[in-house]
Amino acid sequence: MRPRAADFARWWHHAPSGQVIVDEQGLILQANQTISDWMALPVSYLYNRPASELFTPEARMLYLGLLAYRVAEDGAADEVHLTLRVEGDAPLPVLCSARQMTHQSADLVLLSMLPIARKDSLERELIQARQEAQLALEEKNAVIAELKSVRSALESQREELKSLTMRLGHEARSDALTGLPNRRHFDSVLQQLLLTLAVNRGPASLSVALLDVDHFKPVNDQYGHAVGDRVLQQLAQLLSSQLRGRDLAARIGGEEFALLMPDTSHAEASVAMDRLRRAIEIYPWQPVPITVSIGLTSFRAGDTQDSLMARADAALYSAKHQGRNRVAKR
Ligand SMILES: Nc1nc2c(ncn2[C@@H]2O[C@H](COP(=O)(O)OP(=O)(O)OP(=O)(O)O)[C@@H](O)[C@H]2O)c(=O)[nH]1
């Protein structure tokens, strides 16, 4: 059965929007149950009250100044944001639209309101979510920046470690006073050369010389240790400049040096050592001239490191014994 017009009055009262009819004096002529429920006031209370009293004091200005003005001008107003008073509770934000309607030659106004609390809270949630996303982005950027700085710190530490390792390696292999390779390095190179000779089994030559400064003690005693040091440094430079690129000069003791000459026969090494001794003899030493004694030997089949070095040592001993400033060969 189709509802009769009278039935719609009940529907109007319980519509999902607040409905109010306002007369020409701005007084409430009708209000539906929905709006009276929202405001927690009986419908009868609202009758004949100024429609502006539906709203909070702040919203009243908007209602009178904007909404009522538009209705008077255009006969309608749409979606004005107002706030309903709620008895004993927080005010209720609403979107209010209005239509002017003529009834029995009177210009009435129908106000229709929809609550927007949900929209407001959604907007607030959206703003908060945006702020949280912004915060998370800033945190992420800060973490990335920190990671970058940690990585560059690690890289520079790795570089430092590398150069430290290289320096330590160099220090472990060289003599602090002269910068020449030390005894440990000399021994390890000699050992490798002997291994290579043993593996190759072919004709091979390797010569070794021990070189010791003659009467060095009086230099120290007479001119001081610092002068003695300088003499040793100059001698080291002289050795490096006199030897061929593949030869190795090492400082293996106080004033004792060892020379390693790969691929050098006894005859070749003998010429080289005579030349070296002479170069040292004629060098313009300051403050006092020095000479050296040299013991030379060369690799023989069956030689070990010990036998080779013992022969060089014996040669040096005989150079000293024969009067110094000479090369003894074995
Ligand atoms: N200035 C200085 N002197 C050193 C260093 N190492 C060793 N000596 C000195 O070298 C001298 C070696 O003296 P000796 O072993 O008696 O030999 P020598 O006086 O050279 O005499 P011969 O070797 O027999 O010709 C000592 O006075 C040591 O103090 C050093 O690093 N610097």
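Predicted model only: the values in this text are computed from it and were never measured.

Asks: Whenever I open this one, the packing of helix α7 (residues 216-223) against helix α8 (residues 225-242) confuses me. Can you help?
Replies: Each pair of packed helices can be described by the angle between their axes along with the distance between the axes. Look at α7 against α8: their axes get within 6 Å of each other, and the N-to-C directions meet at 135°. One way to sum up the angle between α7 and α8 is to call them oblique. When α7 is examined against α8, the residues Phe216, Asn220 and Tyr223 are found in contact with a partner set consisting of His225, Val227, Gly228, Val231 and Leu232. Across the contact of α7 with α8, the residue classes break down as 5 nonpolar, 3 polar and no charged.

Asks: Looking at this structure, I do not really get α7. What am I missing?
Replies: Since the α-helix turns once every 3.6 residues, residues separated by three or four places project in the same direction. Along α7, the residues classified as buried are Phe216, Val219 and Asn220. Buried residues of α7, viewed axially, fall in a sector of 95°; they line one side. Counted as exposed and oriented over 90 degrees from the buried face of α7: Lys217, Asp221 and Gln222. Once α7 finishes, glycine 224 follows within two positions and takes phi at roughly 100°, a positive value.

Asks: Sorry, what's going on with the site of the ligand here?
Replies: In the vicinity of the ligand, 18 residues are found, and the nearest of them are Phe216, Lys217, Asn220, Asp229 and Arg251. One of the backbone nitrogen or oxygen atoms of histidine 215 is found 2.8 Å away from an oxygen atom of the ligand. Here a nitrogen atom of the ligand and a side-chain polar atom of asparagine 220 are 2.7 Å apart. With the chains in place, 68% of the 660 Å² that the ligand exposes on its own is no longer accessible. Sorting the residues of the shell around the ligand by element identifies β6 (206-213), α7 and α8 as the ones contributing at least two each. Partitioning the shell around the ligand into residue classes produces 5 nonpolar, 5 polar and 8 charged.

Asks: Can you walk me through the packing of α8 against helix α9 (residues 266-282) in this structure?
Replies: Between α8 and α9, whose axes approach to 11 Å, the crossing angle comes to 140°. With respect to their mutual orientation, α8 and α9 come out oblique. Where α8 crosses over α9, the handedness of that crossing is right-handed. Residues Leu235, Leu238, Leu239 and Gln242 of α8 form the contact with α9, whose own contacting residues are Leu276, Ala279 and Ile280. Split into classes, the residues belonging to the contact of α8 with α9 amount to 6 nonpolar, 1 polar and no charged.

Asks: Even after reading the chapter, I still don't get the pairing of strand β2 (residues 28-31), so can you show me in this structure?
Replies: Looking along a regular strand, one sees the side chains alternate between the two faces of the sheet. Of the strand pairs in this sheet, strand β1 (residues 18-22) and β2 are connected by 3 bridges, and their pairing is antiparallel. Bridged to valine 20 within β2 is alanine 31. From the end of β1 to the start of β2, which pair antiparallel, there are 5 residues, and glycine 26 there has a positive phi angle of about 85°.

Asks: Please explain the pattern of salt bridges as it appears in this structure.
Replies: Any two side chains of opposite charge can pair, given that their charged atoms come close. One pass over the structure, following the stated rule, counts 15 salt bridges. A salt bridge links arginine 183 to aspartate 187, with the nearest nitrogen and oxygen atoms 3.9 Å apart. Remark: aspartate 187 and arginine 183 occur in helix α6 (residues 183-200); sequence separation between them is 4 residues, near one turn of the helix. Judged by its relative accessible area of 37%, arginine 183 is partly exposed. Among the ionic pairs, arginine 246 bridges to aspartate 263, the shortest N-O distance being 2.0 Å. Separated by 17 residues along the polypeptide, arginine 246 in the loop between α8 and β7 (248-251) and aspartate 263 in the loop between β8 (256-262) and α9 bring together distant segments of the chain. Here the salt bridges do not stand alone but share partners, grouping Asp212, Asp214 and Lys320 into one network.

Asks: Mind showing me how you'd approach the sheet that holds β7 here?
Replies: Across a sheet, strands are paired by hydrogen bonds formed along the backbone, either parallel or antiparallel in direction. The 5 strands are arranged β7-β8-β6-β9-β10 in an open sheet whose pairing can be described as mixed. One side of each edge strand has no neighbouring strand; the edge strands of this open sheet are β7 and β10 (327-329). Averaged over all adjacent pairs, the angle separating strand axes in this sheet is 20°, with direction ignored.

Asks: What am I meant to see in the side chain of threonine 34 here?
Replies: Of note, threonine 34 is situated in helix α2 (residues 33-39). If near-sequence neighbours (up to four positions away) are discounted, threonine 34 is found in contact with His13, His14, Ala15, Pro16, Ser17 and Gly18.

What counts, and at which threshold
- For every chain, the first residue of the written sequence is number 1, and numbering continues from 1 along that sequence.
- Since the coordinates come from a predicted model, pLDDT governs what is reported: local features require at least 70, and pairs of side-chain atoms require 80 or more to be given and counted, while whole-chain, interface and lining totals use all residues.
- Note that water and hydrogens are dropped before the side-chain values are worked out from all heavy atoms of the structure.
- With axes taken as lines fitted to C-alpha atoms, and helix axes fitted only over the stretch in contact, angles between N-to-C directions fall between 0 and 180 degrees.
- Working definition: helices are DSSP H or I runs of at least four residues, strands are E runs of at least two. Numbering for both runs from the N terminus.
- For classification purposes, angles smaller than 35 degrees are called roughly parallel, those larger than 145 roughly antiparallel, those between 65 and 115 roughly perpendicular, and all remaining angles oblique.
- Should any heavy atoms of two residues lie within 4.5 Å, those residues are counted as being in contact.
- The residue classification treats Ala, Val, Leu, Ile, Met, Phe, Trp, Tyr, Cys and Pro as nonpolar and Asp, Glu, Lys and Arg as charged. All others, Gly included, are polar.
- Buried residues are those whose accessible area, probed at 1.4 Å on protein chains only, stays under 20% of the maximum for their type, while exposed residues exceed 50% and partly exposed ones sit between those limits.
- This arc describes the spread of directions from the helix axis toward the C-beta atoms.
- The near set for a molecule or strand comprises every residue that places at least one heavy atom within 4 Å of it.
- Throughout this description, a polar contact denotes any pair of N or O atoms lying within 3.5 Å of each other; where both atoms belong to protein, one of them has to be capable of donating a hydrogen while the other can accept it, and for residues adjacent in sequence the pair is counted only when both atoms sit in side chains.
- Where accessible areas are quoted, they stem from the Shrake-Rupley method and a 1.4 Å probe; at the residue level, only the protein chains shown are allowed to cover.
- Handedness of a crossing is defined here by the sense of rotation of the near helix relative to the far one, left-handed for an anticlockwise turn of less than a right angle and right-handed for a clockwise turn.
- Note on pairing: two strands pair once DSSP finds at least 2 bridges between them.
- We define a salt bridge as a side-chain nitrogen of Lys or Arg found within 4 Å of a carboxyl oxygen belonging to Asp or Glu.

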